[in-house]
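# A closer look at the structure
Here are the chains, one letter per residue:
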Amino acid sequence: TVPDGVLPVEMIDDYVDRFSSANHPDLMIKKFPTGFEVIDRVMNGGLTAGVHTIVAQPGIGKSTFTLNLAVNMAKNNIPVLFFSFEMPTLDLVTKSYSLVSSQLAKGGEGITFDDFRTERKWTPAETKLRNQTNDWVKAQLMQKIGFIDCKQTTVTANMIAKTIEYFIQTKHQL
């Protein structure tokens, strides 16, 4: 025990012992692939668990880029919470559908954001792709991505932490 007012001193003996053995389990940092080969290579395998923030000027494509990250990670069974301070949830979900439809079209043209949100007559091929997209989103994404629209209220770090804890408790996954 350390007396009041004295900070505990940590010696590095234990860490030195751990580093002397290759691949000591306590030292390994789990990485989650982003689905972007270059990013995964630069980040030595992907993102680590935790909160990551993307900041840039409006209109640069932050939401679209991070949404692509979220969808790619969810496809790999990695749960994602997406806190958006700019784009409403409906737009994020629509963009997710558009992204997935493009991937399912396999070289063909996917269904665009505007196609999903504009009243029009659907061709049989578009209807088939829309249904495939919907089935895929239900099977692969619904339980893995949570969207939080932060535009409507003042958000604090504490609120974000509590939301993450609640997500972990209710979805039973990290």
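Residues numbered from 1 in each chain as written. Predicted model: local features only at pLDDT ≥ 70, side-chain atom pairs only at ≥ 80, totals over all residues. Heavy atoms only, no water.

## Concerning the side chain of Lys62
The condition that has to hold: Strands are runs of DSSP state E lasting at least two residues, helices are runs of H or I lasting at least four, and both sets are numbered from the N terminus onward. When accessible area is computed with a 1.4 Å probe and restricted to protein chains, residues below 20% of their type maximum are described as buried, those above 50% as exposed, and intermediate ones as partly exposed. Any pair of nitrogen or oxygen atoms within 3.5 Å is treated as a polar contact; in protein, a donor-acceptor pairing is required on top of that, and neighbouring residues in sequence qualify only through side-chain atoms on both sides.
Mapping Lys62 onto the fold places it in helix H3 (residues 62–75). On the accessibility criterion, Lys62 (11% relative accessible area) is buried. In this structure the side chain of Lys62 is engaged in a polar contact, spanning 3.2 Å, whose partner is the backbone oxygen of Ala56. In terms of polar contacts, Lys62 uses its side chain to reach the backbone carbonyl oxygen of Gln57, at 3.0 Å.

## A few points about the packing of H3 against helix H4 (residues 89–104)
What counts, and what does not: Axis geometry follows a simple rule: fit a line to the C-alpha atoms, using only the stretch in contact for helices, then measure angles between N-to-C directions, giving values from 0 to 180 degrees. Here roughly perpendicular refers to angles of 65 to 115 degrees, roughly parallel to angles under 35, roughly antiparallel to angles over 145, and oblique to all remaining angles. Here is the rule for handedness: rotate from the far helix to the near one, and if that takes an anticlockwise turn smaller than a right angle the crossing is left-handed, while a clockwise turn gives right-handed. Contact definition: two residues touch when any of their heavy atoms are within 4.5 Å. Residues are grouped as follows: nonpolar covers Ala, Val, Leu, Ile, Met, Phe, Trp, Tyr, Cys and Pro; charged covers Asp, Glu, Lys and Arg; every other residue, Gly included, is treated as polar.
Running from amino to carboxyl end, H3 crosses H4 at an angle of 60°, the nearest separation of the two axes being 10 Å. Here H4 runs oblique to H3, going by the angle between their axes. Along this stretch, H3 crosses H4, giving a crossing that reads as right-handed. Contacts between H3 and H4 pair Ser63, Thr64, Leu67, Asn68, Val71, Asn72 and Lys75 from the former with Leu92, Lys95, Ser96, Leu99, Val100 and Gln103 from the latter. Split into classes, the residues belonging to the contact of H3 with H4 amount to 5 nonpolar, 6 polar and 2 charged.

## Structural notes on the layout of surface pockets
How we decide: Cavity and pocket criteria rest on a 1 Å grid covering protein atoms alone: a 1.4 Å probe that fits but cannot get out defines a cavity, protein on both sides within 12 Å along at least 5 of 7 lines defines an open pocket, and an atom within 4 Å of a point defines a lining residue. Grid points are joined across faces, edges and corners, and a volume is the space filled by probe spheres set on the points.
Approximately 1,200 Å³ is the volume found for the largest pocket. Considering the residues around the largest pocket, the lining is formed by 36 residues, among which Gly50, Val51, His52, Val80 and Leu81 are closest to the centre. Within the residue set of the lining of the largest pocket, elements represented by two or more residues are strand E2 (47–48), H3, strand E3 (80–84) and helix H7 (157–171). No other element matches the 7 residues that H3 contributes to the lining of the largest pocket. Here the lining of the largest pocket is composed, by residue class, of 24 nonpolar, 9 polar and 3 charged.

## Thoughts on unusual backbone geometry
A positive phi angle, close to 55°, is found at Asn44, a residue other than glycine. Structurally, Asn44 is set in the loop between helix H2 (37–42) and E2. On the basis of relative accessible area, Asn44 is assigned to the exposed category, the value being 65%. A positive phi angle is found at Asn77, which is not glycine, with a value near 65°. Counting through the fold element by element, Asn77 comes out in the loop between H3 and E3.

Purely spatial values, then, with no claim about function.
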